[in-house]
Amino acid sequence: MARKGFQQQLSELREDVLYMSEIVLDRVRTGLRALEAKDEALAQEVIEGDHEINELYLQLEQGCIDLFALQQPVAGDLRFIAASFKIITDLERVADLATNLGDYTLQASRSMYPDVDIQGIGSEVVGMIEDAMAAYADEDVEACFGIDARDDEVDERCERASGTVVRDLIETEIDDGSSDDEIESLMTEVSRLLLTIRDLERVGDHAVNIAARTLYMVDNSDELIY
């Protein structure tokens, strides 16, 4: 009977981790919409919602600690709890990156670089997190390797986007009539866009981390952990 209760606790942990991922993904999507539309209300929604995710993270963290301490799990159950603990940490950090998108929206003063497909990159990394969590839910090993391969493509895409921004800046002619404020504004916007690209790339990295922990959970393999 006690074992049945323990297995129920493990099932509830999985459900809670998946629930957290849904909230985090909603924050990232909202942050991307805010950035695209320069919608300050949406940006504030993402920023203010970070507290909720932090509270949920702390609750799940304590739940994992209790399972370690009180149930003393072994073998597959131990790997599942350890992997879940690591995955909620990645999700919390993805939520922090979503908050950054809200901050960038509030700070942006103008649209720049239409050739840089921020929304396309954002959509790709959101899809990676979705698929990583599906792999966790279904214990799908093959999907874990697929996510790792997709991350290489995202890295290349982000590198090209950053290169476009830097080349455009180099080629921008700043005439003698440009004020210090105008030059500073340009540099601030360039810096913000590069940070946005970097943060989206990091979301993809967290998707790989989730896939890596899932692979460890299912097959006791550390092949994707680095």
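Keep in mind it's a predicted model, so treat the numbers as computed, not measured.

A. Spatial organisation of the packing of aromatic side chains. In this structure the tally under the stated criterion is one aromatic pair. Ring geometry for Phe-80 and Tyr-136: centres 6.1 Å apart, planes at 10°, overall stacked. Of the two residues, Phe-80 is situated in helix α3 (residues 75-107) and Tyr-136 in helix α4 (residues 118-138); the sequence distance between them amounts to 56 residues. In this pair, the class of Phe-80 matches that of Tyr-136, namely buried. Residue placement shows Arg-14 over the ring face of Tyr-136; its charged tip is 5.5 Å from the ring centre.

B. Structural detail: empty space enclosed by the protein. Considering all chains together, one arrives at one cavity of 30 Å³ or more under this definition. In this structure, the largest cavity spans a volume of roughly 30 Å³. Around the largest cavity, the lining residues are Val-28, Val-94, Leu-97, Ala-98, Leu-101, Asp-199, Leu-200 and Val-203. Every element with two or more residues in the lining of the largest cavity is listed here: α3 and α6 (180-219). Broken down by element, the residue count for the lining of the largest cavity peaks at four residues, all from α3. Among the residues forming the lining of the largest cavity, the class breakdown is seven nonpolar, no polar and one charged.

C. Structural context of the nonpolar core. With 62 residues, the main nonpolar core has Val-17, Met-20, Ile-81, Leu-91, Ile-129, Met-133 and Ile-197 as its most contacted residues. With 13 residues, α6 is the largest single contributor of residues to this core. Met-133 has contacts with Val-17, Leu-18, Ser-21, Ile-87, Leu-91 and Ile-210, leaving out every residue within four places of it along the chain.

D. Broad picture of the packing of α3 against α4. Packing of α3 against α4 brings their axes to within 12 Å, and their N-to-C directions diverge by 165°. Compared by their axis directions, α3 and α4 come out roughly antiparallel. Along this stretch, α3 crosses α4, giving a crossing that reads as left-handed. Contact residues: Phe-80, Ser-84, Ile-87, Leu-91 and Val-94 in α3; Ile-129, Met-133 and Tyr-136 in α4. Of the residues assigned to the contact of α3 with α4, the class counts are seven nonpolar, one polar and no charged.

So, how was this worked out
Residues numbered from 1 in each chain as written. Predicted model: local features only at pLDDT ≥ 70, side-chain atom pairs only at ≥ 80, totals over all residues. Heavy atoms only, no water. Phe/Tyr/Trp six-rings, centres within 6.5 Å; stacked < 30°, edge-to-face > 60°. Helix = DSSP H or I, 4+ residues; strand = E, 2+ residues; numbered from the N terminus. Buried < 20%, exposed > 50% of the residue type's maximum accessible area, 1.4 Å probe, protein only. Lys NZ or Arg CZ within 6 Å of the ring centre and 35° of its normal. 1 Å grid on protein atoms, 1.4 Å probe; cavity = no way out; pocket = protein on both sides within 12 Å on 5 of 7 lines; lining within 4 Å. Points joined across faces, edges and corners; volume = space filled by probe spheres on them. Nonpolar A, V, L, I, M, F, W, Y, C, P; charged D, E, K, R; others polar. Core = buried A, V, L, I, M, F, W, Y, C linked by side-chain atoms within 4.5 Å. Contact = heavy atoms within 4.5 Å. Axes fitted to C-alpha atoms, helices over the stretch in contact; angles between N-to-C directions. Parallel < 35°, antiparallel > 145°, perpendicular 65-115°, else oblique. Left-handed = near helix turned anticlockwise from the far one by under 90°.

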